[in-house]
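# Structural description and commentary
The chain contents come next:
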Amino acid sequence: MHLLENCHPQHEEVAQKLNCSFYVNICVSGVFNTDEQGRFIEHAKLIMLNGCFNLRGFESNVASKNVDRSSGNTSVLGVIWNLETDTLKCCTDMVTLTCETKITKRLILAIVQKTFDPICLLTPATLLPKLLIQHLWKMKIAWDSELSPNDVNVFLKWFRDFFTYIERCYFVKMYNN
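Residues numbered from 1 in each chain as written. Predicted model: local features only at pLDDT ≥ 70, side-chain atom pairs only at ≥ 80, totals over all residues. Heavy atoms only, no water.

With an unreviewed UniProt entry as reference, the chain is termed Integrase catalytic domain-containing protein, source organism Trichonephila clavipes.

Pasting the structure below:
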């Protein structure tokens, strides 16, 4: 914190971005174009080097001289990021549901709680089963009671969709106008 608050004034904007971009030893941030990407990486390295921190291993969905990796899948704090398609996918060891699996309130909660999402990238994607659990509470459904066919269908549709890739940037069109 001290390092970022006392950096050179020309690096102040990058320092502010870095200040809210670290989770333990991982920096997750974004920029809008390749020029900004190059400046961000160079300034971030300089700022952190002043505190003897060696920033390295930059990954981006756009290749450039400062980026170490720009293709394939990478893990970002429990989320799989496909660099070529710029999409995100839940990274977890979920149970496989079969036709014989009894869908209960306990199973839904267990599956939702297995989602490791420390920076809340997947929060919108986990809202539906949480709302379903809320509905089941209001209906006073027991933990291990089999759910109604309608509730099972809602959950199974979410479950199938949850493991597909979702676009990382939702506001692309706003910036292209």
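Before going further, it helps to spend a moment on the nonpolar core. Ranked by internal contacts, the top residues of the largest apolar core, which has 22 residues, are Leu97, Ile103, Ile108, Ile111, Phe155 and Trp158. If you list the elements that add at least two residues to this core, you get β4 (79-82), β5 (87-90), α4 (105-113), α5 (123-138) and α6 (149-162). No other element matches α6, which puts five residues into this core. Sequence-distant contacts of Ile103, defined by excluding residues within four places in its chain, comprise Leu97, Ile108, Ser145, Glu146, Leu147, Val152, Phe155 and Leu156. (Core = buried A, V, L, I, M, F, W, Y, C linked by side-chain atoms within 4.5 Å. Buried < 20%, exposed > 50% of the residue type's maximum accessible area, 1.4 Å probe, protein only. Helix = DSSP H or I, 4+ residues; strand = E, 2+ residues; numbered from the N terminus. Contact = heavy atoms within 4.5 Å.)

In spatial order, the strands read β3-β4-β5-β6; together these four strands make up an open sheet with antiparallel pairing. Each edge of the open sheet carries a strand with a single partner, namely β3 (73-76) and β6 (166-167). Pairing of β3 with β4 involves four bridges; the strand directions are antiparallel. Bridging from a neighbouring strand, Asn73 pairs with Asn82 of β4. (Pairing = 2+ DSSP bridges.)

In this model, α6 (14 residues) spans 20 Å end to end at C-alpha, consistent with the 20 Å of a helix rising 1.5 Å per residue. Three or more residues of α6 are buried, namely Asp151, Val152, Phe155, Trp158, Phe159 and Phe162. End-on, the buried residues of α6 take up no more than an arc of 130°, which puts them together on one face. Across from the buried face of α6, at angles greater than 90 degrees, the exposed residues are Pro149, Asn150 and Arg160. Where α6 is buried, its residues meet β5, α4 and α5. (Expected span 1.5 Å × (residues − 1). Arc of directions from axis to C-beta.)

Attention shifts here to the side chain of Thr104. Within the element layout of this structure, Thr104 appears in the loop between β5 and α4. Given the relative accessible area of 7%, Thr104 is considered buried. A polar side-chain atom of Thr104 sits 3.1 Å from the main-chain amide nitrogen of Leu107. Those residues in contact with Thr104 that lie beyond four places of it in its chain are Trp143, Asp144, Ser145, Glu146 and Leu147. (Polar contact = N/O pair within 3.5 Å; in protein donor to acceptor, adjacent residues only side chain to side chain.)

Once that is clear, we can look at a nonpolar patch on the surface. A cluster of nonpolar residues, Tyr23, Val24, Phe116, Ile119 and Leu121, forms a patch on the protein surface that exposes about 460 Å² of accessible area. Its place among the elements puts Tyr23 in strand β1 (residues 22-23). (Patch = residues over 30% accessible without salt bridge, like charges linked within 9 Å, V, L, I, M, F, W, Y side chains within 5 Å. Areas by Shrake-Rupley, 256 points an atom, 1.4 Å probe, with all protein chains shown as cover. Salt bridge = Lys/Arg side-chain N within 4 Å of Asp/Glu carboxyl O.)

This part covers the packing of aromatic side chains. Taken as a whole and assessed by the stated rule, the structure comprises five aromatic pairs. Ring geometry for Phe155 versus Trp158: centroids 5.8 Å apart, planes at 35°, classification tilted. Taken together, the positions of Phe155 and Trp158, both in helix α6 and three residues apart, correspond to about one turn of that helix. The interplanar angle of 40° and the centroid separation of 5.8 Å between the aromatic rings of Phe155 and Phe159 together place this pair among those described as tilted. Residue Phe155 and its partner Phe159 are located together in helix α6, separated by four residues, close to a single helical turn. The same class applies to Phe155 as to Phe159, namely buried. (Phe/Tyr/Trp six-rings, centres within 6.5 Å; stacked < 30°, edge-to-face > 60°.)

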